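# Coordinate analysis (summary)
Each chain, letter by letter, is given below.
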Amino acid sequence: MQFKHPRMAAVAVASLAILTVGLAGCSATKSSSSYTIKNNKVALSDSQIKKNLDTKIITTRQDSQKVATAKYKAAAESSKYTLNSPYVKVNPYGTSPLSALVTFKTSNDVKVTYTVVGKTDKTSISNTVKGGYTTSHQVPVVGLYADTTNTVKITATTKAGKTQTKTLKLKTGALPTYIKNATITTKNVDKSKMDIGKNKLTVINRTTKQPFAIDADGAVRWYDTNYSQHTIEQWSDGHIMILSKKNQNSDVYNDLIETDYLGRVYKEYGFANKTSSTDGGVETTVIHHDVVELPNHNFLATVSDGSKYKEDTLIEVSHKTGKIVKVIDLKKILPKSMWAKFKKGTDGKIDWLHNNAVDYDKNDKSIVLSSRNQDLIMKLDYKTDHIKWLYSGKKKSSWPKAYQKYVLTPTKGTITTGGQHGLYLLNNGGKNSANSEDFMLYDNNVNVTNGNKSTSGKYSQAVQYHVNAKKMTITSTWSYGKTLGKANFTSVIGYAEKEKNGNVLIDFGYKAGGQQSNIIEVTKSDKQVFNATMKNAASKAYAYRAYRVQFYNGAYSFDATK
């Protein structure tokens, strides 16, 4: 995917670190397990949060795939399978029905490509197998049509340029109910202007139920039978992270799966949150909105910490051990006035922040965050947790004095976001310096606490911003959605992703009160080149985010022998 574009700084002096603690608004009175204000526990210790969330590496799904893994390893090592008579298995791991594994050997070193032949112009999916010229070939095929006898062409090319092609016919089954019923219609499609290339699809990252991907015609070309919630992110090696659950009847999603588009599971992380006194010890979902890969390949996730406050904490989890190695509790960083008097929700929890997006800034080893319930976006030094900048509709003078120097000043006409989602950096790690950066977000335009009251509820939009950290200014440089008016207003969820050709893919995920999800691709000149609407998505199964994805990327390789 881009997906989240796989998303530490100079060490602060001691006085800066002290200021960060002081900014928390917490009393200096501490116990071994919490900060205390007026005898009420408001912030847990890091050790208590680690205990509450109980992160660990589990092997449930890998264990269930052992038989299949052994079978495909034997096929890869066998000499009886050739290009003319390959080993073929549709849905090799039982969770990706529109994929296949094709295995064979050749007498000469060849490079292998495949094409799933599309039904219309520019809907064929073509990939080159990573590994260069070799005699042993394991071809991970993705992009089949459902309930179809698909035509798949496997082409072997020698170093001298000689080619040989084998045509396979691969039969697939019907779509499951919750995908089949989520009907997709398209309009304003200009495939020549879309960012689709030879192998890109649009992933529908649903709030719940099975995730799936569509082509430019709106036809489903991939799905995973695992129910997911909010989280599908592509890692630097081409694997994908899916937040799922073992029991489809459960409301709790506490299994984070590292898998691929064939359904092979490489690693699983388990979470458990059973310690909150307010919910009687009933387990709740830990990761709630976002996960990003860090440069060390650990992941950073937005979580609830097990206290009466929810969705205001982040954790870094080791990819080697599955243990939490860093905790960021935003109650200890932002003013007490933001959270101390915030009302409880119907679940008895206090959702004062609702942190719904995180991205890692490679330029200066920081993180950027989106906090819906404060209509706030901000940047923190990842090593020290110290604030670098803040932006919302909250006037600088109304912030506590210690924070005011971190508040960005908007230039004339700059958009004030409200209830925003999906903040991520553009050109991350590229030519931009840490003092001059651009980012994209989806502005729901809902005045939750500090949004724009005069426009709230009238439209939603994708917005691109530029931050000049030297001058401490912020400028909105592009937006799209206002002209669509109230018809595309979405009170919750949504995403905007800038494509390599400059187009922007926008997910108006909760259109018409959640009855529709509308995904629009627009050019730099605001011309629609793709407009897909999903209806009848089932309860809470609307499009949380939409990504334009390369199936699969250049870093991905499949090897059943490992």
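Each remark here, short or long, concerns the structure printed above.
In this text, all values refer to a predicted model and were calculated from it rather than measured experimentally.

## Considerations on the environment of Thr-151
With respect to the secondary-structure elements, Thr-151 resides in strand β8 (residues 149-158). Judged by relative accessible area, which is 19%, Thr-151 ranks as buried. In this structure the C-alpha to C-alpha distance between Thr-151 and Asp-438, which are 287 residues apart in sequence, comes to 43 Å. If we ignore the near neighbours within four places in the chain, the residues touching Thr-151 are Thr-115, Val-116, Val-117, Thr-167, Leu-168 and Lys-169.

## A look at the packing of aromatic side chains
Using the criterion set out here, one finds 20 aromatic pairs in the structure. Between Trp-222 and Tyr-261, the ring centres sit 5.4 Å apart and the planes meet at 90°, which makes this aromatic pair edge-to-face. With Trp-222 in strand β13 (residues 220-223) and Tyr-261 in the loop between β16 (255-259) and β17 (265-270), the pair connects residues that are 39 residues apart, well separated along the chain. Taken individually, Trp-222 and Tyr-261 each receive the classification buried, so the pair is uniform in this respect. A ring pair is formed by Tyr-495 and Tyr-547, whose centres lie 5.2 Å apart and whose planes are at 70°; its orientation type is edge-to-face. Of the two residues, Tyr-495 sits in strand β31 (residues 495-498) while Tyr-547 sits in strand β35 (residues 543-550), which places them 52 residues apart along the sequence. Per residue, the accessibility class of Tyr-495 equals that of Tyr-547, and both read buried. In this structure an aromatic cluster arises from ring pairing among Tyr-72, Tyr-81, Tyr-87, Tyr-93 and Phe-558. When the ring centre of Tyr-145 is taken as reference, the NZ or CZ atom of Lys-119 above it lies at 4.5 Å.

## Description of helix α4 (residues 66-77)
Spanning 12 residues, α4 covers 17 Å between terminal C-alpha atoms, matching the ideal 16 Å at 1.5 Å per step. Looking only at α4, the buried set comprises Ala-68, Tyr-72, Ala-75 and Ala-76. Axial view of α4: buried residues confined to an arc of 100°, hence all on one face. Of the exposed residues in α4, the ones pointing more than 90 degrees away from its buried face are Lys-66 and Val-67. Structurally, α4 contributes buried residues whose contacts are with β4 (87-90), β5 (99-116) and β7 (134-142).

## As for the sheet that holds strand β3 (residues 56-58)
Here we have 5 strands laid out as an open sheet, ordered β3-β17-β16-β15-β14, and antiparallel in their pairing. Each end of this open sheet is capped by a strand with a single partner; those strands are β3 and β14 (232-234). Recorded for the sheet is a direction-independent mean angle of 25° between the axes of neighbouring strands. Pairing geometry for β3 and β17, over 3 bridges, is antiparallel. Residue pairing across strands places Lys-56 opposite Gly-270, the latter belonging to β17.

## Some remarks on the layout of surface pockets
In this approach, a probe sized like a water molecule rolls over the atoms, and the result shows the empty space that is left. Looking at the largest pocket, its volume works out to about 1100 Å³. Forming the walls of the largest pocket are 42 residues, and the residues nearest its centre are Gln-229, His-230, Lys-310, Glu-311 and Lys-540. Here the lining of the largest pocket is built from residues that sort into 6 nonpolar, 21 polar and 15 charged.

Quick notes on the rules
- Residues numbered from 1 in each chain as written.
- Predicted model: local features only at pLDDT ≥ 70, side-chain atom pairs only at ≥ 80, totals over all residues.
- Heavy atoms only, no water.
- Helix = DSSP H or I, 4+ residues; strand = E, 2+ residues; numbered from the N terminus.
- Buried < 20%, exposed > 50% of the residue type's maximum accessible area, 1.4 Å probe, protein only.
- Contact = heavy atoms within 4.5 Å.
- Phe/Tyr/Trp six-rings, centres within 6.5 Å; stacked < 30°, edge-to-face > 60°.
- Lys NZ or Arg CZ within 6 Å of the ring centre and 35° of its normal.
- Expected span 1.5 Å × (residues − 1).
- Arc of directions from axis to C-beta.
- Pairing = 2+ DSSP bridges.
- Axes fitted to C-alpha atoms, helices over the stretch in contact; angles between N-to-C directions.
- 1 Å grid on protein atoms, 1.4 Å probe; cavity = no way out; pocket = protein on both sides within 12 Å on 5 of 7 lines; lining within 4 Å.
- Points joined across faces, edges and corners; volume = space filled by probe spheres on them.
- Nonpolar A, V, L, I, M, F, W, Y, C, P; charged D, E, K, R; others polar.

Limitation: the analysis is restricted to geometry and does not speak to function.
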